[in-house]
Amino acid sequence: EDQVTQSPEALRLQEGESSSLNCSYTVSGLRGLFWYRQDPGKGPEFLFTLYSAGEEKEKERLKATLTKKESFLHITAPKPEDSATYLCAVQVGSQGNLIFGKGTKLSVKP
Amino acid sequence: ETGVTQTPRHLVMGMTNKKSLKCEQHLGHNAMYWYKQSAKKPLELMFVYNFKEQTENNSVPSRFSPECPNSSHLFLHLHTLQPEDSALYLCASSQAGTSPSDTQYFGPGTRLTVL
């Protein structure tokens, strides 16, 4: 069964304290891995797509990496405005449907 | 972000009511999706439409009825819902469901409360 697991469930950081979020997956036929950011009461906002092991993408303080079993979202010197829930999803199958993890809720304190 | 809009943003309904959720995308996409997001659970895919044709119904109860009149509009008709149906309902769109690099873009969601 295709499965996506994110850890930790919640992460509290001080401003400037770098860390990483993990997304591990067991799927057959991975087409892509997606990271989204979701603020309270809003829809998920697209951040990155990764397609193959070894691939990396960066956007401001965020960097996403991919291996054959997991993906990491590295947050360098976070700011309070980075506080949000970060969702990981994998795209599988011919229809390309997304399977989501439960998310990691990140809180960054000033 | 105004690429995908949803109305209403909040809805409270009784178990015997009938209501509809509306989604509109302004991105020129050909695929549209309904998701349910409940507390402590991952986003659950409900329905997928590709070029106005339903291509996925993820074992959703018949009290949820989707409608896709064209590639830009998607509705979710609700009737005789249960309190456990209370959740955030999200609409998304993408270029096409079978494209190799198919990114889904989400609307802001409708927060539904069933009394």
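Residues numbered from 1 in each chain as written. Chains lettered and ligands numbered in written order. Predicted model: local features only at pLDDT ≥ 70, side-chain atom pairs only at ≥ 80, totals over all residues. Heavy atoms only, no water.

## Some details on the pairing of strand 3 (residues 19–26) of chain A
Looking down a regular strand, the side chains alternate between one sheet face and the other. Two strands pair when backbone bridges link them, and strand 1 (residues 3–7) of chain A and strand 3 of chain A are joined in this way by 5 bridges, in the antiparallel orientation. In the strand pairing of strand 3 of chain A, A:S7 is matched with A:N22. (Pairing = 2+ DSSP bridges. Helix = DSSP H or I, 4+ residues; strand = E, 2+ residues; numbered from the N terminus.)

## A short note on the state of the cysteines
Among covalent bonds in proteins, the disulfide is the one between the sulfur atoms of two cysteines. Residues and elements named next belong to chain A. Scanning the entire structure with this criterion turns up 2 disulfides over all chains. At a sulfur-sulfur separation of 1.9 Å, the disulfide partner of C23 is C88. On the sign convention where negative is left-handed, the bridge of C23 and C88, at about -60° about the S-S bond, is left-handed. Taken together, the residues span a long stretch of sequence, with C23 in strand 3 and C88 in strand 9 (residues 84–92) at a distance of 65 residues. A residue is classified by how much of its surface remains accessible, and C88, at 0% relative accessible area, is buried. (Disulfide = S-S within 2.5 Å. Buried < 20%, exposed > 50% of the residue type's maximum accessible area, 1.4 Å probe, protein only.)

## Quick look at the side chain of B:Q25
With respect to the helices and strands, B:Q25 occurs in strand 3 (residues 18–25). In terms of polar contacts, B:Q25 uses its side chain to reach the backbone amide nitrogen of B:G28, at 3.2 Å. (Polar contact = N/O pair within 3.5 Å; in protein donor to acceptor, adjacent residues only side chain to side chain.)

## Remarks on the interface of chain A and chain B
Taken residue by residue, the interface counts 21 residues in chain A and 27 residues in chain B. For the pair chain A and chain B, the interface holds 0 salt bridges. Our count for the contact surface shared by chain A and chain B stands at 5 residue pairs in polar contact (both at pLDDT 80 or more). Of all elements in the fold, only strand 4 (30–38), strand 5 (45–50), strand 9 and strand 10 (97–100) of chain A reach the threshold of two or more residues within the side of chain A that touches chain B. For the side of chain A that touches chain B, the leading source of residues is strand 4 of chain A, giving 4 residues. (Contact = heavy atoms within 4.5 Å. Salt bridge = Lys/Arg side-chain N within 4 Å of Asp/Glu carboxyl O.)

## Let's talk about the pairing of strand 11 (residues 110–114) of chain B
All names here are of chain B. Side chains T110, L112 and V114 project from strand 11 onto a buried face, and the interleaved R111 and T113 project onto a face without burial. Across 3 bridges, strand 9 (residues 87–94) lies against strand 11 in antiparallel orientation. Paired with L88 across the strands is R111, a residue of strand 11.

## Structural notes on the sheet that holds strand 3 of chain B
Residue and element names in this part refer to chain B. Here we have 4 strands laid out as an open sheet, ordered 1-3-8-7, and antiparallel in their pairing. The sheet terminates laterally at strand 1 (4–7) and strand 7 (64–70), the two strands that pair on one side only. In this sheet, neighbouring strand axes are inclined to one another by 20° on average, regardless of whether the strands run parallel or antiparallel. Sheet analysis places strand 3 next to strand 8 (residues 73–79), joined by 7 bridges and oriented antiparallel. Note on strand 8: the bridge partner recorded for E24 is H73. (Axes fitted to C-alpha atoms, helices over the stretch in contact; angles between N-to-C directions.)

## Digging into unusual backbone geometry
With omega at -10°, the peptide bond leading from A:S7 into A:P8 counts as cis. Cis geometry is found at the peptide bond from B:T7 to B:P8, where omega equals -10°. Among the secondary structure elements, B:P8 is positioned in the loop between strand 1 and strand 2 (10–13). Here the phi dihedral of A:E60 falls at roughly 55°; this positive angle occurs in a residue that is not glycine. Along the chain, A:E60 turns up in the loop between strand 6 (56–59) and strand 7 (62–66).

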